[in-house]
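# Structural overview
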Amino acid sequence: MKTMKGTGIAKGLAFGKAKYIKIMRSEIPAHNISKAESKAELAIFEDILDKSRAELQNYLKAEQISESEKEILGTHLEIIDDPELKEQITLSITKDSHNVAKAIDLAFEKAIIFFQSMENEMFSQRAIDFADVRKRLLHIVLPQEHDPFADLNAESIPIFSEISPSEISLLSKQHVGAYICKGISYTSHVGILSRALNIGCVSNIEELEEYIKEGDYVIVDGETGTVIRQPDDEALELFAQQLQIQDLIHQKGERLRDIESHTKDARHIDIALNIGLPLEIDQVQELRSSGVGLFRTEFLFLAQDHLPSEAEQYKVYSEMASKIAPKPLTIRTFDLGGDKISHLIPAPKEENPNLGNRGVRFSLAHPQILRTQLKAILRAAVHGNIRIMFPMIIDVDDFLEAKRILGQCADELYEEGTAHNADIQVGSMIEIPSAALSSCALARECDFLSIGTNDLVQYTLAVDRNNEAVNRYYIQHHPAVLKLIRATIINASRHGTPVSICGEMASIKQYIPLLIGMGVKELSVNAAVYYEIKSVVRNCDAKLHMIVKNFDFSTSLPKVDELVYRTLKPYYS
Ligand code: PEP
Ligand code: MG
């Protein structure tokens, strides 16, 4: 037996067989071919076209296909038979001696870049269609690796050297209880999604390969960050007891379900949920939470192999909203970019993706994707209480630009005579320091604000939230961050604009008394900690305001440490 200590990223206890998983990211193979080989490559090209055409025609025959999907598939068929594109690919094989995969990739890339450079929305949609078809064609010609997730089950403990947010939902589908991965940090999207889906995760185990061999039995405890290789009888007994304790904690939490979320001095603190997948919506009623404070819609994107159409999104949003009505469903528009890269959209590789085309900037650069989403939201808003929130807003102009497009979408729906509800609340995330510093103007224009501390910490302290090597600098309660949070709360209250905290800070019990003392009245948390946070809220009282209000946030970090971990400790322990 060997016990190893790493970092606990997501709570979750599991016992099973270790399985190393290597995820291959497919690259386009490129090599020069001889004149003799070009004939064979051309034959392969024809075969790819035939197979793709047949695939699409088969989909078109399916009964459950909607009108808008038919339209998209029809466009894709046209692209497959586009004579100009065909000629380019043929020449690239015969004259430039490219192998077929490279020739397809190059010709499509050229078309995509061309359409992307056009201002007109119709053309940017065309770029997306070309990207979709390229993917379909290459899928046929590139060797398909064995799906590394297919053999996993509830008895496996997969070990990764890297994993992406979209792959976490695959672990959930395979009923994996916990996994081990290198270099994941707590507020990375991989970490957030693992917690949302209740999959235990331990990161940063030193010399992992040395100590754990394929097929070893291991216990993983994502809460303490412990991994035990080949546990003895005593360790297994303890594991069984811990599982029982977890059940008891859950039952105890359930007793809080029907009790008001009030502080001791009867002030209501609203606790909503952060969700990443539509199926998590059921937790709102199960936990009796006040609604959804953050729906990270980009995971809809990342979990699919095609761009979600307006019809698909409308279905998802309207079902979710009607399930929890009249409670609010706060839909955050796609926050793509950063570590949430979609392979569905061709985008140049960025040196600093977190400072690049991310969040609302990405949406404004791909207006057709934004419009499709906004129209689906406005239509779904007929069925429930939907709020729209824009991510990564820099300042009030950024927000007004996004809102202007929302207005255009509502006008278009009106002109088309499509049922929709334009009378909905629109808010901004505060997750960039400039937004916090512009919170006065933003509070005037927005119906609500929501502070995303995960990014606010990253951008205020210039610490990559995904880089474990600089994790010690990622201090959520750093006085500089707290000053920005406080400025936002004060500015919001001057304008009577509600403000909530939806970053991970709100899901960490040690920070709740601090936040309530600073005047926060709304939190949005992960379902897994909902009862824990509610229990801390019920332990808070008016004295907190006195303690925190008079605190000097220009002070040094050790003083804030003392405030959080000593003075406020009685409220959360
Ligand atoms: C945040 O930045 O705090 C936030 C809630 O957004 P995300 O974690 O999805 O970037
Ligand atoms: Mg964010």
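Residues numbered from 1 in each chain as written. Chains lettered and ligands numbered in written order. Predicted model: local features only at pLDDT ≥ 70, side-chain atom pairs only at ≥ 80, totals over all residues. Heavy atoms only, no water.

Right, let's get into unusual backbone geometry. Pro326 follows Ala325 through a cis peptide bond whose omega is 5°. Tracing the backbone through its elements, the reader meets Pro326 in the loop between helix 12 (310-324) and strand 11 (328-332). The phi angle at Asn204 is positive, at roughly 60°, despite the residue not being glycine. With respect to the helices and strands, Asn204 occurs in the loop between strand 6 (200-203) and helix 8 (208-211). Given a relative accessible area of 24%, Asn204 falls into the partly exposed group. Of note in this structure, Ala462 is not a glycine but carries a positive phi near 55°. The topology assignment puts Ala462 in the loop between helix 18 (453-461) and helix 19 (479-495). (Helix = DSSP H or I, 4+ residues; strand = E, 2+ residues; numbered from the N terminus. Buried < 20%, exposed > 50% of the residue type's maximum accessible area, 1.4 Å probe, protein only.)

Turning to the coordination of the magnesium ion (ligand 2), a few remarks are in order. Those protein atoms acting as donors to the magnesium ion (ligand 2) are Glu431 (OE) and Asp455 (OD), and they sit at 2.0 to 2.1 Å. Here the residue Glu431 occupies a position in the loop between strand 13 (425-430) and helix 16 (433-437), and Asp455 occupies one in helix 18, the gap between them amounting to 24 residues. Since its relative accessible area comes to 2%, Glu431 is described here as buried. The exposure class of Asp455 is buried, given its relative accessible area of 2%. (Donors = N, O, S within 2.8 Å, 3.2 Å for Na, K, Ca; no water.)

Domains assigned within the chain are domain 1 (2-22 + 148-252) and domain 2 (36-141). Put simply, the middle of domain 1 and the middle of domain 2, counted by C-alpha atoms, are 41 Å apart. (Domains from an automatic or database assignment.)

Spatial ordering of the closed barrel is given by 9-10-11-12-13-14-15-16, a layout of eight strands whose pairing is parallel. In this sheet, adjacent strand axes meet at a mean angle of 30° when their direction is disregarded. As defined by bridge partners, strand 13 adjoins strand 14 (residues 448-451) across four bridges and the pair is classed as parallel. Opposite Gly427, over in strand 14, you have Phe448 as the bridge partner. Helix 14 (residues 367-380) contacts strand 11 and strand 12 (385-390) of the sheet and is inclined by roughly 155° relative to strand 12. (Pairing = 2+ DSSP bridges. Axes fitted to C-alpha atoms, helices over the stretch in contact; angles between N-to-C directions. Contact = heavy atoms within 4.5 Å.)

So, on to the packing of aromatic side chains. According to the stated counting rule, one finds eleven aromatic pairs in the structure shown. Ring geometry for Phe149 against Phe160: centres 5.9 Å apart, planes inclined by 25°, an arrangement best described as stacked. Of this pair, Phe149 sits in the loop between helix 5 (121-141) and strand 4 (156-160) while Phe160 sits in strand 4, and the two are eleven residues apart along the sequence. Judged by its relative accessible area of 5%, Phe149 is buried. (Phe/Tyr/Trp six-rings, centres within 6.5 Å; stacked < 30°, edge-to-face > 60°.)

Looking now at the environment of Pro498. On the secondary structure map, Pro498 appears in the loop between helix 19 and strand 15 (499-501). Overall, Pro498 belongs to the partly exposed group, its relative accessible area being 31%.

Ordered by their spatial adjacency, eight strands build an open sheet running 1-8-7-3-4-5-6-2, and the pairing between neighbours is mixed. The sheet terminates laterally at strand 1 (2-5) and strand 2 (7-10), the two strands that pair on one side only. The mean angle between the axes of side-by-side strands here comes to 30°, regardless of whether they run parallel or antiparallel. As defined by bridge partners, strand 1 adjoins strand 8 (residues 226-229) across four bridges and the pair is classed as antiparallel. Considered in strand 8, the bridge of Met4 is made with Val227. Sheet strands in contact with helix 7 (residues 189-196) are strand 2, strand 5 (178-181) and strand 6, and its direction is about 65° off that of strand 2.

On to helix 4 (residues 100-116), then. If you check helix 4, its first and last C-alpha atoms are 24 Å apart, about what 17 residues at 1.5 Å a residue would give, namely 24 Å. Looking only at helix 4, the buried set comprises Val100, Ala101, Ala103, Ile104, Asp105, Ala107, Phe108, Ala111, Ile112 and Phe115. (Expected span 1.5 Å × (residues − 1).)

Time to look at the site of ligand 1. Neighbouring residues of ligand 1: 17 residues in total, closest Arg296, Arg332, Gly452, Asn454 and Arg465. Arg358 places a polar side-chain atom, nitrogen or oxygen, 3.1 Å from an oxygen atom of ligand 1. Within the backbone of Gly452, a nitrogen or oxygen atom sits 3.3 Å from an oxygen atom of ligand 1. Burial of ligand 1 by the surrounding chains reaches 100%, relative to a free accessible area of 290 Å². (Near = heavy atom within 4 Å. Polar contact = N/O pair within 3.5 Å; in protein donor to acceptor, adjacent residues only side chain to side chain. Areas by Shrake-Rupley, 256 points an atom, 1.4 Å probe, with all protein chains shown as cover.)

What follows is about the pairing of strand 8. Of the pairings in the sheet, the one linking strand 7 (residues 217-221) to strand 8 comprises four bridges and is antiparallel in character. In the sheet register, Val220 faces strand 8, and the bridge partner there is Val227. Between strand 7 and strand 8, which pair antiparallel in sequence order, lie four residues; one of them, Gly225, sits at a positive phi of approximately 75°.

Now for the environment of Leu557. Tracing the backbone through its elements, the reader meets Leu557 in helix 23 (residues 557-567). Sequence spacing of Leu557 and His478 is 79 residues, and the spatial spacing of their C-alpha atoms is 6.2 Å. Leave out the neighbours within four places in its chain, and Leu557 touches Ile475, His477, His478 and Pro479.

A word on a negative patch on the surface. Judged by side-chain charge, Asp232, Asp233, Glu234 and Glu237 come together as a negatively charged surface patch. When you line up the elements, Glu237 lands in helix 9 (residues 233-254). By relative accessible area, Glu237 is classed as exposed at 52%. (Patch = residues over 30% accessible without salt bridge, like charges linked within 9 Å, V, L, I, M, F, W, Y side chains within 5 Å. Salt bridge = Lys/Arg side-chain N within 4 Å of Asp/Glu carboxyl O. Lys, Arg positive; Asp, Glu negative; His and termini not counted. Charge placed at Lys NZ, Arg CZ, Asp CG, Glu CD.)

This part covers the pairing of strand 6. Here strand 6 shows two buried faces, one formed by Gly200 and Val202 and the other by Cys201 and Ser203. Examined bridge by bridge, strand 2 and strand 6 share three bridges and lie antiparallel to one another. By the bridge assignment, Ala10 is partnered in strand 6 with Cys201. The pairing of strand 5 with strand 6 spans four bridges and is classified as parallel. Of the residues in strand 6, the one forming a bridge with Cys181 is Ser203.

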